[in-house]
Amino acid sequence: MTNKRPLHKTLRGITLAIVLSTLSANGQDATAKDERSGDWKSSLNAGVGLTDGNSDTLNAHVGFRAESLTAYDEIFLGTDFYYSEDTDVTTSESLYSFAQYNLLLSERLYLGGLADFLYDDIAAVDYRINVGPLIGFYLIKSDRTKLAIEAGPGYLWEEVGGVKADYLTVRFAERFTHQLTETLSLFQSVSFTTEAEDFDNYYIVADAGIETRLSDRWSLRIYAQDRYDPLPAAGQEKNDFGLFTGLSFALGPVKPMPASTGPKGVVTSAAVAGNPWDVSLGVTGSFTDGNSDTLGIAADLAATYLGDYSEIYLAAGGAYGESNGVVNRELAFASGQYNKLLNERFYLGGRADFFYDAISELDYRVTPAILAGIYLIKNEVATLAVEAGPSYTFEDQSGVQSDYFGVYVGERFTLQVSENLKFWQSAGAVLDVDNTDNIVVDAQAGFDVKLSDRISLRTAVRNVYDGDVPAGIEKNDFQLLSGLAITF
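Bear in mind the structure is a predicted one, so any value in this text is a computation, not a measurement.

Analysis parameters
- Counting of residues starts from 1 at the beginning of each chain's written sequence and follows it residue by residue.
- Residue-level local features of this predicted model are given only where pLDDT is at least 70; pairs of side-chain atoms are given and counted only at 80 or more, and the full residue set underlies all totals for whole chains, interfaces and linings.
- With hydrogens and water excluded, all non-hydrogen atoms of the structure serve as input to the side-chain values.
- Here a helix means four or more residues in a row that DSSP labels H or I, a strand means two or more in a row labelled E, and each is numbered from the N terminus.
- Note on areas: these come from Shrake-Rupley sampling with a 1.4 Å probe, and a residue is covered only by the protein chains present in the view.
- Here a salt bridge means any side-chain nitrogen of Lys or Arg lying within 4 Å of a carboxyl oxygen belonging to Asp or Glu.
- Buried, partly exposed and exposed residues are distinguished by accessible area as a fraction of the type maximum, computed with a 1.4 Å probe on protein chains only: under 20%, between the cut-offs, and over 50%, respectively.
- Here the aromatic set is Phe, Tyr and Trp, taking the six-membered ring for Trp, and pairing holds for ring centres within 6.5 Å; pairs whose planes are under 30 degrees apart are stacked, those over 60 apart are edge-to-face, and all others are tilted.
- Put simply, a charge is over a ring when the Lys NZ or the Arg CZ is close to the ring centre, within 6 Å, and near the line of the ring normal, within 35 degrees.
- Every patch collects residues that have over 30% relative accessible area and no salt bridge, joining them within 9 Å if they carry like charges and within 5 Å if they are nonpolar side chains (Val, Leu, Ile, Met, Phe, Trp, Tyr).
- Nine residue types can take part in a nonpolar core, namely buried Ala, Val, Leu, Ile, Met, Phe, Trp, Tyr and Cys, and a core is a set of them joined through side-chain atoms within 4.5 Å.
- Residue contacts follow a heavy-atom distance rule, with two residues in contact if any of their heavy atoms lie within 4.5 Å.
- What pLDDT conveys is the predictor's confidence in a given residue, as a value from 0 to 100.
- Here the positive residues are Lys and Arg and the negative ones are Asp and Glu; neither His nor the chain ends is included.
- A 3.5 Å cut-off defines polar contacts: any pair of N or O atoms within that distance qualifies, except that in protein one atom must be a possible hydrogen donor and the other a possible acceptor, and neighbouring residues in sequence count only when both atoms are side-chain atoms.
- By the convention used here, strands pair only if DSSP detects at least 2 bridges between them.

*Asks:* Honestly, the overall build of the protein in this entry has me stumped. Any pointers?
*Replies:* Tallying secondary structure elements over the protein gives one helix and 24 strands in all. Surface summary for the protein: the accessible area is close to 24,200 Å², and the carbon and sulfur share equals 62%.

*Asks:* Please clarify how the pattern of salt bridges should be interpreted in this entry.
*Replies:* When charged atoms on two side chains of opposite charge get close, those side chains can pair. Across all of its chains, the model carries 14 salt bridges by this definition. For the salt bridge of Glu211 with Arg221, the shortest nitrogen-to-oxygen distance reads 2.5 Å. One end of the pair, Glu211, is in strand S10 (residues 198-213); the other, Arg221, is in strand S11 (residues 218-228), and ten residues separate them in sequence. Take Glu211: its relative accessible area is 16%, and that puts it in the buried class. Ionic contacts of the salt-bridge type, sharing partners, join the residues Arg128, Glu158 and Asp229 into one network.

*Asks:* So what exactly am I meant to see when it comes to the packing of aromatic side chains here?
*Replies:* Two numbers describe a pair of aromatic rings. These are the distance of the centres and the angle of the planes. All chains considered together, the criterion is met by nine aromatic pairs. A centroid spacing of 5.2 Å and a plane angle of 35° characterise the contact between Phe192 and Tyr202, whose relative ring orientation is tilted. You can see Phe192 sitting in strand S9 (residues 184-195) and its partner Tyr202 sitting in strand S10, a full ten residues away along the chain. By relative accessible area, which is 26% here, Phe192 ends up partly exposed. Of note, Arg462 hangs over the ring of Phe333, and the distance from its end group to the ring centre comes to 4.3 Å.

*Asks:* In this structure, what is going on with the environment of Thr91? I would like to understand it.
*Replies:* Structurally, the position occupied by Thr91 is in strand S4 (residues 89-104). Separated by 197 residues in sequence, Thr91 and Thr288 have C-alpha atoms that sit 9.9 Å apart.

*Asks:* For this particular structure, what's the right way to read a nonpolar patch on the surface?
*Replies:* A grouping of Phe354, Val366, Tyr392, Phe394, Phe405, Val407, Val409, Leu431 and Val433 is seen on the molecular surface, where their side chains present a nonpolar patch of about 670 Å² in accessible area. For the nonpolar patch, the secondary-structure elements that each account for two or more residues are strand S19 (382-397) and strand S20 (400-418). Examining the composition of the nonpolar patch, we find that three residues originate from one element, S20, more than from any other. Within the secondary structure, Leu431 is located in strand S21 (residues 421-432). Judged by its relative accessible area of 31%, Leu431 is partly exposed.

*Asks:* Honestly, the nonpolar core in this entry has me stumped. Any pointers?
*Replies:* The tendency in soluble globular proteins is for nonpolar side chains to be buried as a group. By size, the foremost hydrophobic cluster in this structure holds nine residues: Tyr313, Leu341, Tyr347, Ala369, Leu371, Tyr375, Ala385, Tyr408 and Val430. A total of three residues in this core trace back to one element, the largest contributor, which is strand S18 (residues 362-378). Beyond its immediate chain neighbours, meaning those up to four positions away, Ala385 contacts Tyr347, Ile374, Tyr375, Gly410, Glu411 and Arg412.

*Asks:* Just to check I follow, could you spell out the confidence of the model for the protein for this structure?
*Replies:* Detailed conclusions should not be drawn from predicted coordinates in areas where pLDDT is low. When the pLDDT values of the protein are averaged, the result is 83; 86% of them are 70 or greater. Confidence drops under a pLDDT of 50 for residues 1-34, and excluding neighbours within four residues, the segment shows 41 contacts in the predicted structure. Across residues 260-273 the pLDDT falls below 50, and counting only partners more than four positions away or on other chains, this stretch makes 14 contacts in the model.

*Asks:* So what exactly am I meant to see when it comes to the side chain of Arg329 here?
*Replies:* With respect to the helices and strands, the residue Arg329 is situated in strand S16 (residues 326-341). Of the side chains bearing the opposite charge, Asp477 lies closest to the buried Arg329, which forms no salt bridge; the N-O distance is 4.7 Å. Polar side-chain contacts of Arg329 include one of 3.4 Å to the side chain of Gln479. With sequence-adjacent residues up to four places away left out, Arg329 is seen in contact with Thr51, Ser55, Ala319, Tyr320, Gly321, Ile359 and Gln479.

*Asks:* So what exactly am I meant to see when it comes to the environment of Tyr223 here?
*Replies:* Take Tyr223: it is sitting in strand S11. Sequence separation of Tyr223 and Ala208 is 15 residues, and the distance between their C-alpha atoms is 5.6 Å. When near neighbours in sequence (up to four residues on either side) are disregarded, Tyr223 contacts Asn45, His61, Tyr82, Phe187, Ala208, Gly209, Gly242, Leu243 and Phe244. A distance of 2.3 Å separates a polar atom in the side chain of Tyr223 from a polar atom in the side chain of His61.

*Asks:* Quick question: what am I supposed to make of unusual backbone geometry here?
*Replies:* Most of the time, phi is negative for any residue but glycine, and the peptide bond is trans. In this structure, Ala124 is a non-glycine residue whose phi angle is positive, near 60°. Topologically, Ala124 is positioned in the loop between strand S5 (109-120) and strand S6 (125-141). Non-glycine residue Ser398 carries a positive phi angle of around 55°. Within the secondary structure, Ser398 sits in the loop between S19 and S20.

*Asks:* Explain the side chain of Ser84 here, please?
*Replies:* Mapped onto the fold, Ser84 is located in strand S3 (residues 73-86). Judged by its relative accessible area of 3%, Ser84 falls in the buried class. Only 2.5 Å separates the side chain of Ser84 from the side chain of Ser92, close enough to count as a polar contact.

*Asks:* How should I be thinking about the pairing of S11 in this particular structure?
*Replies:* Look at any regular strand and the pattern is simple: side chains alternate between the two faces of the sheet. Taken together, the ten bridges between S10 and S11 define a ladder with antiparallel strand orientation. Counted as the bridge partner of Asp207 is Gln225 from S11. Hairpin connection between S10 and S11: a loop of four residues separates the two successive antiparallel strands. Pairing geometry for S11 and strand S12 (residues 239-250), over eleven bridges, is antiparallel. Note on S12: the bridge partner recorded for Tyr223 is Phe244.

*Asks:* What is the right way to read the pairing of strand S2 (residues 57-69) from this model?
*Replies:* In the sheet, strand S1 (residues 41-52) pairs with S2 via eleven bridges, with the strands oriented antiparallel. Within S2, the residue paired with Leu44 across the bridge is Phe64. Here S1 hands over to S2 after four residues, with Gly53 in that stretch at a positive phi of 130°. When S2 meets S3, the two strands line up antiparallel, connected through 13 bridges. Counted as the bridge partner of Val62 is Phe81 from S3. Between the antiparallel neighbours S2 and S3 lie three residues.

Here you go:
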């Protein structure tokens, strides 16, 4: 018992030193540093998904990582907060933090200390704190790949399901990182902690992911985390699994991105290898299983043909979500438009739209329209078109079929902000000429950040407004999504 309190004080001091050093490191110049220079490298990462209206959900994650590596020691710090809700009911809320210090005895062997903390409201874990010394060894240690294993005793304090406990523990862990390319890296870790006198009482924390650098400071992170407790609180699940996507921002000194070797400047689709077609698939999703049981996935396929005399726009997609086995989002959409160019700016065309939304009790809405349009802006950097024309709508909502004559008004805007960043936005509205309250507006906007010649990070918002809906149905449906777009 005499060794525990000095260790606890040491770890508390290490944690404080990490925080203070990290804050001071954030003010340093962003210049490339040697991996073992001792400079703090820190980053913030976050991901969010949001729907509002007939489907009311929120999924969010915020994380922080910091490390300092020298030829003599290593310090690691991390924090992750997860939160989600469905229709104002919290479905997940957890906080995990850790601090670790390693003193290198040789190139590969080290002694250290670790403290970690867990709070999980849904799993009824008010707190779980484990501290202890450790011994570790790097099985692989190179500039690109690191694989370390470590073990050691510890002491744990916890309150789970209102029951407090404390006991001696034994911990085994491994950490792995691999730099696949200058911009793509893998990370993975597993820790196994068990009560020293009862090996049936243990818990496992594992995570794995991939990170792709978008710029000197921004990265895309896709990762999975799993926590397993064979003796959870009464009524709670043993396993908690989550799959997330998000962005990471480097705070401390960074190594500059390698110079781009791709084509320079902005070119139109028709100029790329003589192919006027531009086809892309966007996919986003999140998944948790265990005490928090949620699923959210969305996909859309878009094809654009830009010729000298005509244009074709095609799109199709859908979204599905559920929480604890209850479907909270189920929709599908499709649209097609053909434009005949009269000159460089004016065109005549036709389009048809289809929309299905189970949560809004909309079995179908089909709207064909004839239109005339004009490009207010049309160059290699930006395009802005407005269009309008008569339409006719057929729909079945809440078991009531109807059809009506209307007016369609739309606009489309694109802006190539830089070689790797594109912003896009569109909106379309259909107005019932006999009932001005009956108006449907579908608006969306987003940006694509190019990761490679064929893969981009896509963040988008979409809002659908229906001014005349049955009782009990919300007029407005909003969603915020982030995922990948693949160009074919």
